[in-house]
Amino acid sequence: MDEKRMPDGIVLTEAQKRSRRQRSIAIALALGVLVVLFFAVTIVKGPVVLLRPM
């Protein structure tokens, strides 16, 4: 599309921008905690994780 004809779209207020940023940070922190948790469980279990029953 031609950029000159595109509408401005939705313009967020400062409160909405702040809320979106806080939500993004919370999601990133939760994902980081989940990654660390999986890593810790893998380290605690050790090489036993690789043993499979035949």
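Heads up: the structure comes first, above all this text.
Here the structure is a predicted model, which means the values were calculated and not measured.

What counts and what doesn't
- Per chain, residues are indexed from 1 in the order of the written sequence.
- Restriction of local features to residues with pLDDT of at least 70 applies here, the model being predicted, together with a cutoff of 80 or more for giving and counting side-chain atom pairs; totals for whole chains, interfaces and linings are based on all residues.
- Side-chain measures here rest on the full set of heavy atoms in the structure, leaving out hydrogens and waters.
- In this description a helix means any DSSP run of H or I spanning at least four residues, a strand means any run of E spanning at least two, and both kinds are numbered starting from the N terminus.
- Buried means the residue's accessible area, taken with a 1.4 Å probe over protein chains only, is under 20% of the maximum for its type, while exposed means over 50%, and partly exposed covers the values in between.
- Surface accessibility in these figures is a Shrake-Rupley result with a 1.4 Å probe; residues are shielded only by whichever protein chains are displayed.
- One less than the number of residues in a helix, times 1.5 Å, gives the span that helix is expected to have.
- Without a salt bridge and with relative accessible area above 30%, a residue can belong to a patch; like charges are then joined within 9 Å and nonpolar side chains (Val, Leu, Ile, Met, Phe, Trp, Tyr) within 5 Å.
- Just to be clear on terms, a salt bridge is a Lys or Arg side-chain nitrogen sitting within 4 Å of an Asp or Glu carboxyl oxygen.
- We call two residues contacting when some pair of their heavy atoms lies within 4.5 Å.

Chemist: Looking at this model, I keep getting lost on the overall build of the protein chain. Mind explaining?
Modeler: Within the protein chain one finds one helix and zero strands. Counting the 54 residues in the protein chain, one finds 0% classified as buried. A total of about 5800 Å² of accessible surface is found on the protein chain, and carbon and sulfur atoms cover 67% of it.

Chemist: Whenever I open this one, helix α1 (residues 14–45) confuses me. Can you help?
Modeler: Since the α-helix packs 3.6 residues into each turn, any two residues three or four apart lie on the same face. For α1, which comprises 32 residues, the first-to-last C-alpha distance of 47 Å matches the rise-based estimate of 46 Å (1.5 Å per residue) to within 8%. One or two positions beyond α1, positive phi appears at Gly46, with a value near 70°.

Chemist: How do you make sense of a nonpolar patch on the surface when you look at a structure like this?
Modeler: A surface patch of nonpolar side chains, about 560 Å² in accessible area, is lined by Leu31, Leu34, Val35, Leu37, Phe38 and Val41. Here Leu34 is to be found in helix α1. Overall, the relative accessible area of 37% leaves Leu34 in the partly exposed class.

Chemist: What's the story with the environment of Leu12 in this structure? I'm lost.
Modeler: In this fold, Leu12 is placed in the segment before α1. Once residues lying within four places of it in the same chain are set aside, the contact partners of Leu12 are Lys17 and Arg20.

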